[in-house]
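# Coordinates in review
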Amino acid sequence: MKYIDEFRDGATARRVAGAIAAEAEPDHHYHLMEFCGGHTHAIYRYGVQDLLPPQVRMIHGPGCPVCVLPVGRLDMALSLASRPEVILCSYGDMLRVPGSGGRSLLKARGEGADVRMVYSAADALELARRHPERQVVFFAIGFETTTPPTAVAIRQAHSEDLENFSVLCNHVLTPAAVANILDSPAAREIGSVPIDGFLGPAHVSIVIGTHAYERFAEGYRKPVVISGFEPLDVMQSILMLIRQLNEGRAEVENQYTRAVTRLGNVKAQDLCAEIFEPRSEFEWRGLGVVPDSALQIRKEFGRFDAERRFDLTYAPVGDNRACECGSILRGVLEPTDCKLFGTACTPETPMGSCMVSSEGACAAYYQYGRFRQPVKSATA
Amino acid sequence: MLDDQQALIDLDGVQKEISLELLDDVAVGDYVVVHVGYALGRLDPEEAERTLALLGEAGLEAAR
């Protein structure tokens, strides 16, 4: 496909790898966090890590919406699904994540709940139009990419006076999570992983623009390069980060210029601001409670807020003790450090959220990286 | 282009109906970045060419 295949060319990738190897100083370390799960997936799918010299290490960030949703929020959706009048719908991966007692929305469906998979928020709206006798709840998750479509659906429901549609809103904010990783002493101390620079997300940045990251370059002196999702984009962005670090620069640079601008998609931002407002605090799996890191539906649109309509309250629930998703999401542990990885926990029978979503680090390791270490040592 | 700010896109041979509600002034033939059924942004062909050219240069520098 045009604008995709050119950015996957293996020969060019090897040449860029040569440039990275030549420019990365042998006695430096380059710990680069790719925030977004889309990048984690690309790095493993295309074997980018194997093209990097040992001093360049990619640390996987928390940018996987399915992964960071805490069990307590999923339990809210499970309790809604158990009500006979409710049709609960969400994106596919969300249905497979285990909640309290290992119960997922798919299991709830097996027990008779009306749970449906949708491709977009518009599909959920259409379900509400077709089933006026039922309460249709859209279990909305995601970063700044899925938030604008949810806003469109709520505005549409408002203009149609749709009485039986509501949203259980779990939309979260990328810059708040980046700031948390840089600020939190826990995240810094536990694994003592110093992060030297960030690979910024592709699609999220189309919406929020590069200016949203300027405070990290200025305030924290960490270089940020916004990167496209294809393997050559990722490699070029890594090279750009290495050059910034070598030259002592900390700037926001944009590798994904074909889609990302400084200001982003202002129309989408305005619409989100009309429908949503910041939530004072929100719990993230792995990061804990992060202030101002999520959105809630404004009072004016409160009738479409499932938390108000069904009088739901959030109760935090601990993760499965053996599951290391939390530490993996902070970049402190790697999936292979978890004793459940690949044994009790696989994509077919996931124990933790990082194994469910294809953007999760565990799923990426399992699909593409499981046999990497042995192969490497055999060729060494 | 379809009614109600909808459009038909070609995804490597697969036809899919998507929404243009988050993006103004899209014309037939444009490339857009689609996420959960909505066009989030436009793809700029000139910038894509420029990035590819830069990628080519990175390779040359290493070869020198």
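Residues numbered from 1 in each chain as written. Chains lettered and ligands numbered in written order. Predicted model: local features only at pLDDT ≥ 70, side-chain atom pairs only at ≥ 80, totals over all residues. Heavy atoms only, no water.

### Quick notes on the sheet that holds strand S8 (residues 224-226) of chain A
Residues and elements named next belong to chain A. Taken together, the five strands give an open sheet; going across it, the order is S2-S1-S7-S8-S9, and neighbouring strands pair in parallel fashion. At either margin of the open sheet sits one strand with a lone partner, and together these are strand S2 (56-63) and strand S9 (252-254). Between one strand axis and the next, the sheet turns by 25° as a mean value, whatever way the strands run. Sheet analysis places strand S1 (residues 30-36) next to S2, joined by six bridges and oriented parallel. Considered in S2, the bridge of Leu32 is made with Met58. (Pairing = 2+ DSSP bridges. Helix = DSSP H or I, 4+ residues; strand = E, 2+ residues; numbered from the N terminus. Axes fitted to C-alpha atoms, helices over the stretch in contact; angles between N-to-C directions.)

### Here's the deal with the pattern of salt bridges
All names here are of chain A. Here the structure, examined in full by the defined rule, presents 22 salt bridges over all chains. A salt bridge links Glu277 to Arg298, with the nearest nitrogen and oxygen atoms 3.6 Å apart. Taken as a pair, Glu277 in strand S10 (residues 276-284) and Arg298 in the loop between strand S11 (288-297) and helix H14 (306-309) lie far apart in primary sequence, 21 residues in all. On the basis of relative accessibility, which here comes to 22%, the residue Glu277 falls in the partly exposed class. Between Glu307 and Arg279 there is a salt bridge, with the nearest N and O atoms lying 2.9 Å from each other. Here Glu307 is found in helix H14, whereas its partner Arg279 is found in strand S10, with 28 residues between them in sequence. (Salt bridge = Lys/Arg side-chain N within 4 Å of Asp/Glu carboxyl O. Buried < 20%, exposed > 50% of the residue type's maximum accessible area, 1.4 Å probe, protein only.)

### Re the packing of aromatic side chains
Residue and element names in this part refer to chain A. This structure, assessed with the given rule, holds seven aromatic pairs over all chains. For the ring pair Tyr44 and Tyr365, a centre distance of 4.6 Å and an interplane angle of 35° mean the geometry is tilted. On the criterion of sequence distance, the pair formed by Tyr44 in helix H2 (residues 37-45) and Tyr365 in helix H16 (residues 361-369) is long-range, its members being 321 residues apart. Exposure class is identical for Tyr44 and Tyr365. Each is buried. Feature note: the residues Phe35, Phe143 and Trp284 constitute an aromatic cluster, connected by ring pairs. (Phe/Tyr/Trp six-rings, centres within 6.5 Å; stacked < 30°, edge-to-face > 60°.)

### Considerations on the state of the cysteines
All names here are of chain A. Following the criterion strictly, the structure yields one disulfide over all chains and no others. Two residues share a disulfide in this structure: Cys64 and Cys67, whose sulfurs sit 2.2 Å from each other. Here the disulfide of Cys64 and Cys67 is right-handed, its torsion about the S-S bond being about 65°. Each member of the pair, Cys64 as well as Cys67, carries the same accessibility label: buried. With no disulfide of its own, Cys169 lies 9.8 Å from the sulfur of Cys272, the closest cysteine sulfur. In this structure Cys169 comes out as buried when scored by relative accessible area, which is 1%. (Disulfide = S-S within 2.5 Å.)

### So, the interface of chain B and chain A
Chain B puts 31 residues into the contact, and the matching count from chain A is 38 residues. Regarding the contact of chain B and chain A, the summed buried area is about 3000 Å², with carbon and sulfur atoms giving 64% of it. It is Leu22, Leu40 and Leu55 of chain B that lose the most area in chain B upon contact with chain A, and together they represent 21% of the buried surface on that side. Along the contact surface separating chain B from chain A lie one salt bridge. The residue Lys267 of chain A makes a salt bridge to Asp24 of chain B at a minimum N-O spacing of 2.7 Å. Where chain B touches chain A, the interface holds eight residue pairs in polar contact (both at pLDDT 80 or more). Mapped onto the side of chain B that touches chain A, the elements with two or more residues apiece are strand S3 (32-35), strand S4 (38-42) and helix H1 (45-63) of chain B. The biggest single contributor to the side of chain B that touches chain A is H1 of chain B, with 12 residues. (Contact = heavy atoms within 4.5 Å. Buried area = accessible area lost by both parts, 1.4 Å probe. Polar contact = N/O pair within 3.5 Å; in protein donor to acceptor, adjacent residues only side chain to side chain.)

### As for unusual backbone geometry
The phi angle of most residues is negative, glycine excepted, and most peptide bonds adopt the trans form. We note that Asp161 of chain A has phi near 55°; this positive angle belongs to a residue other than glycine. Here Asp161 of chain A shows up in the loop between helix H7 (147-160) and strand S6 (165-171).

### Things to note about H2 of chain A
The element H2 of chain A is largely enclosed, with a buried count of eight among its nine residues. Within H2 of chain A the residues assigned to the buried category are Gly37, Gly38, His39, Thr40, His41, Ala42, Ile43 and Tyr44 of chain A.

### So, the domain arrangement of chain A
All names here are of chain A. Here the domain parsing of chain A yields domain 1 (5-63 + 178-254), domain 2 (67-174 + 264-309) and domain 3 (325-371). Averaged C-alpha coordinates put domain 1 and domain 2 at centres separated by 31 Å. Contacts between domain 1 and domain 2 engage 15 residues on the former and 12 residues on the latter. Here domain 1 and domain 2 share an interface that buries about 1100 Å² over both sides, 71% of which is from carbon and sulfur atoms. Taken together, domain 1 and domain 2 are joined by zero salt bridges. In this assembly, domain 1 and domain 2 are joined by four residue pairs in polar contact (both at pLDDT 80 or more). Listed by contribution, the elements that provide at least two residues to the side of domain 1 that touches domain 2 are S2, helix H8 (174-183) and helix H10 (203-208). Among the elements that line the side of domain 1 that touches domain 2, the one with the most residues is H10, at six residues. (Domains from an automatic or database assignment.)

### Details of the nonpolar core
If you look at the biggest cluster of nonpolar residues, it comprises 138 residues, and the most contacted ones within it are Leu105, Phe138, Phe139, Phe165 and Ile238 of chain A. It is helix H12 (residues 231-246) of chain A that contributes the most residues to this core, eight residues altogether. The residues touching Ile238 of chain A, leaving out its near neighbours within four places in the chain, are Ile20, Leu32, Val48, Leu52, Val56, Met58 and Leu199 of chain A. Core analysis: the next-biggest nonpolar cluster, separate from the first, contains seven residues, Ala7, Leu20, Leu23 and Ala39 of chain B among them. (Core = buried A, V, L, I, M, F, W, Y, C linked by side-chain atoms within 4.5 Å.)

### Here we look at the packing of H2 of chain A against H16 of chain A
Residue and element names in this part refer to chain A. Interhelical geometry of H2 versus H16 gives an angle of 15° and a closest axis separation of 9 Å. One way to sum up the angle between H2 and H16 is to call them roughly parallel. In terms of crossing hand, the pair formed by H2 and H16 is right-handed. Residues Thr40, His41, Tyr44 and Arg45 of H2 form the contact with H16, whose own contacting residues are Ala361, Ala364, Tyr365, Tyr368 and Gly369. Of the residues in the contact of H2 with H16, the class split is five nonpolar, three polar and one charged. (Parallel < 35°, antiparallel > 145°, perpendicular 65-115°, else oblique. Left-handed = near helix turned anticlockwise from the far one by under 90°. Nonpolar A, V, L, I, M, F, W, Y, C, P; charged D, E, K, R; others polar.)

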